[in-house]
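# Close look at the chain arrangement
Listed below, chain by chain, are the residues.
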Amino acid sequence: PVAGKIIIIDPGHATIKGTVVDSGAVGQNGTRERDITLAIGKKVEALLLNLGADVRMTRSTESTYLTLEERAWMANASNADLFISIHCNAATNRSAQGTSTYFYAPAGGAFDRDERQTLAKVLQQAMLDACGRPNRGILEERFVVLRETEMPSVLLETAFISNAEEE
């Protein structure tokens, strides 16, 4: 149940503070990751709002004024229940495909490892069920938006923008 929960949606990449242009990866047909992640983010926002969640976006346009650290601080200051960062994967091997989910919670650390890992498992399975892409698994990484958030958080790699089929 998500009704009443504060959920931060972080569509990855953007022009940051008007000076740093970060379009993320660019597909073979010129599709920019930042555009895809924003479109997905807005769809997720609408779905969660319909379920009664209090959804807050780190950006709702192609630009943002938040650095990666500030995105995590925003979530912490909001006392968010969940933080979900949305991305598209890319590889020099253009046949690479599939979806993966990242979390961060070192054993013995300050984070609830079971809670973060469970969120990663649930969202990875949901992406697999919805998209039918190959399963690249649940991985652990020290990404800023994962290590600096105090609530359960994940970074989703929805598909490979570098793969023409997935793009």
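Residues numbered from 1 in each chain as written. Predicted model: local features only at pLDDT ≥ 70, side-chain atom pairs only at ≥ 80, totals over all residues. Heavy atoms only, no water.

### Details of the side chain of threonine 99
Of note, threonine 99 is situated in strand 7 (residues 99–103). Looking at threonine 99, its side chain comes within polar contact range of the main-chain oxygen of threonine 158, at 3.5 Å. Excluding residues that lie within four positions of it along the chain, threonine 99 makes contacts with Gln124, Met127, Leu128, Arg133, Pro134, Asn135, Arg136, Gly137, Glu157 and Thr158. (Helix = DSSP H or I, 4+ residues; strand = E, 2+ residues; numbered from the N terminus. Polar contact = N/O pair within 3.5 Å; in protein donor to acceptor, adjacent residues only side chain to side chain. Contact = heavy atoms within 4.5 Å.)

### Remarks on the pairing of strand 9 (residues 153–160)
Counted residue by residue, strand 9 has eight buried out of eight residues, so it is predominantly covered. Pairing of strand 6 (residues 82–89) with strand 9 involves six bridges; the strand directions are parallel. Each bridged residue has a counterpart across the sheet, and for phenylalanine 83 the counterpart in strand 9 is serine 153. Here strand 7 runs beside strand 9; their pairing, made up of three bridges, is antiparallel. Across the sheet, threonine 101 pairs through a bridge with leucine 156, a residue of strand 9. (Buried < 20%, exposed > 50% of the residue type's maximum accessible area, 1.4 Å probe, protein only. Pairing = 2+ DSSP bridges.)

### Concerning helix 1 (residues 33–50)
The terminal C-alpha atoms of helix 1 lie 26 Å apart, and with 18 residues this matches the ideal 26 Å at 1.5 Å per residue to within 8%. Those residues of helix 1 not exposed but buried are Glu33, Arg34, Thr37, Leu38, Gly41 and Leu48. Along the axis of helix 1, the buried positions cluster into a sector of 120°, meaning they face one direction only. Away from the buried face of helix 1 by more than 90 degrees, exposed residues Lys43, Leu47 and Asn50 are located. Downstream of helix 1 by one or two residues, glycine 52 has phi in the positive range, about 90°. (Expected span 1.5 Å × (residues − 1). Arc of directions from axis to C-beta.)

### Section: the environment of glutamate 62
As for its position among the elements, glutamate 62 is in the loop between strand 4 (54–57) and strand 5 (63–64). What makes glutamate 62 partly exposed here is its relative accessible area of 37%. Placed 56 residues apart in sequence, glutamate 62 and isoleucine 6 show a C-alpha to C-alpha distance of 23 Å.

### So, the pairing of strand 7
Consecutive side chains of a regular strand alternate in pointing toward one face of the sheet and then the other. The element strand 7 is largely enclosed, with a buried count of five among its five residues. Of the two faces of strand 7, both are covered, the one formed by Thr99, Thr101 and Phe103 as well as the one formed by Ser100 and Tyr102. As judged from the five bridges shared by strand 7 and strand 8 (residues 135–140), these two strands associate in the parallel manner. When the sheet's bridge partners are listed, threonine 99 is paired in strand 8 with asparagine 135. For the segment spanning strand 7, helix 3 (residues 113–131) and strand 8, crossover handedness is right-handed. (Right-handed = clockwise from strand over helix to strand, strands pointing away.)

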